[in-house]
Amino acid sequence: MKILILNGPNLNLLGVREPDIYGKRTYADLVRFLENHCRQLGVGCEIRQSNHEGVLVDWIQEALGKFDAIVLNPAAYTHTSVAILDALKAVSLPAAEVHLSDVDAREPFRAVSYAGLACLTTCKGRGFDSYREAIDFLVEYLNAHREGEETC
Ligand code: DQA
């Protein structure tokens, strides 16, 4: 089982960027956290970050046939990107949307999520643990799906 974990714009600045909202831990801390969690679950993962919408679209497209699921924090593109939504729909891989902050408790525009329309779940407001929740959800989903396939 292999999960692609994608992070959108400005998440490379974690630790520096609005620490009262996003915390003091850095992007490198996040990568370590995700690698440790996936290792503990025995799940393979690849973790990437880009500030560019088209790069995120390319990575989603390329995931087809290489990854079993996608964890995605589209950051600001959450609220604007039909291209990312369409890419997720095109590959049709199980996907989970993640936000460090509680987007529903912030400015009203952050409550709108295009990417979320193509995701099985949204994990938000729990800092790094939002990612943990999303990974656990997808692993459970994939296991249940595979078991279903075997017994049918
Ligand atoms: C974010 C929330 C978005 O609204 C914001 O644009 C981000 C980060 C989060 O993880 O809380 O860049 O996705």
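Please read these numbers as outputs of a predicted model, since none were measured by experiment. (Residues numbered from 1 in each chain as written. Predicted model: local features only at pLDDT ≥ 70, side-chain atom pairs only at ≥ 80, totals over all residues. Heavy atoms only, no water.)

(A) Structural view of the site of the ligand. Taken together, the residues surrounding the ligand are R17, Y22, N73, A75, A76, H79, H99, L100, S101, V103, R106 and R110. At a separation of 2.8 Å, an oxygen atom of the ligand approaches a polar backbone atom of L100. With the chains in place, 99% of the 320 Å² that the ligand exposes on its own is no longer accessible. Split by residue class, the shell around the ligand holds five nonpolar, four polar and three charged. (Near = heavy atom within 4 Å. Polar contact = N/O pair within 3.5 Å; in protein donor to acceptor, adjacent residues only side chain to side chain. Areas by Shrake-Rupley, 256 points an atom, 1.4 Å probe, with all protein chains shown as cover. Nonpolar A, V, L, I, M, F, W, Y, C, P; charged D, E, K, R; others polar.)

(B) Spotlight on the sheet that holds strand β1 (residues 2-7). Read from one edge of the open sheet, five strands run β2-β1-β3-β4-β5, paired in parallel fashion. Every other strand in the sheet has two partners, leaving β2 (44-49) and β5 (121-124) as the edge strands with one partner each. The sheet shows a mean angle of 20 degrees between the axes of neighbouring strands, direction not considered. Inspection of the sheet shows β1 paired to β2 by six bridges, in the parallel sense. By the bridge assignment, K2 is partnered in β2 with G44. Taken strand by strand, helix α2 (residues 27-41) contacts β1 and β2, and its axis lies near 165 degrees from that of β2. The strands touched by helix α3 (residues 53-62) within the sheet are β1, β2 and β3 (69-73), with β1 carrying the most contacts at an inclination of about 170 degrees. (Pairing = 2+ DSSP bridges. Helix = DSSP H or I, 4+ residues; strand = E, 2+ residues; numbered from the N terminus. Axes fitted to C-alpha atoms, helices over the stretch in contact; angles between N-to-C directions. Contact = heavy atoms within 4.5 Å.)

(C) Structural detail: the packing of aromatic side chains. In this structure the tally under the stated criterion is two aromatic pairs. Considering the side-chain rings of F137 and Y141, the 6.4 Å spacing of their centres and the 15 degrees angle between planes classify their relative orientation as stacked. Note that F137 and Y141 are positioned in helix α5 (residues 128-151) at a spacing of four residues, about one turn of the helix. Given the relative accessible area of 31%, F137 is considered partly exposed. Seen from the ring of F128, R25 lies directly overhead, with NZ or CZ sitting 3.8 Å from the centre. (Phe/Tyr/Trp six-rings, centres within 6.5 Å; stacked < 30°, edge-to-face > 60°. Buried < 20%, exposed > 50% of the residue type's maximum accessible area, 1.4 Å probe, protein only. Lys NZ or Arg CZ within 6 Å of the ring centre and 35° of its normal.)

(D) Geometry of the pattern of salt bridges. Within this structure, the stated rule accounts for 10 salt bridges. Two residues, K124 and D102, come together in a salt bridge whose shortest N-O distance is 3.4 Å. Of the two residues, K124 is situated in strand β5 and D102 in the loop between β4 (95-99) and β5; the sequence distance between them amounts to 22 residues. Ionic pairing is found between D104 and K124, a salt bridge with its closest N-O pair at 3.2 Å. Of the two residues, D104 sits in the loop between β4 and β5 while K124 sits in strand β5, which places them 20 residues apart along the sequence. Residue class for D104 comes out partly exposed when judged on its relative accessible area of 46%. Judged by its relative accessible area of 30%, K124 falls in the partly exposed class. Residues joined by salt bridges that share partners form a network here, namely K2, E46 and R48. (Salt bridge = Lys/Arg side-chain N within 4 Å of Asp/Glu carboxyl O.)

(E) Structural detail: the packing of α3 against helix α4 (residues 82-91). One can describe the packing of α3 onto α4 by two numbers: an axis separation of 9 Å at closest approach and a directional angle of 5 degrees. Classified by the angle their axes make, α3 and α4 are roughly parallel. In this structure, α3 contributes E53, L56, V57, I60 and Q61 to the contact, and α4 contributes A83, I84, A87, L88 and V91. Looking at side-chain class alone, the contact of α3 with α4 contains eight nonpolar, one polar and one charged residues. (Parallel < 35°, antiparallel > 145°, perpendicular 65-115°, else oblique.)

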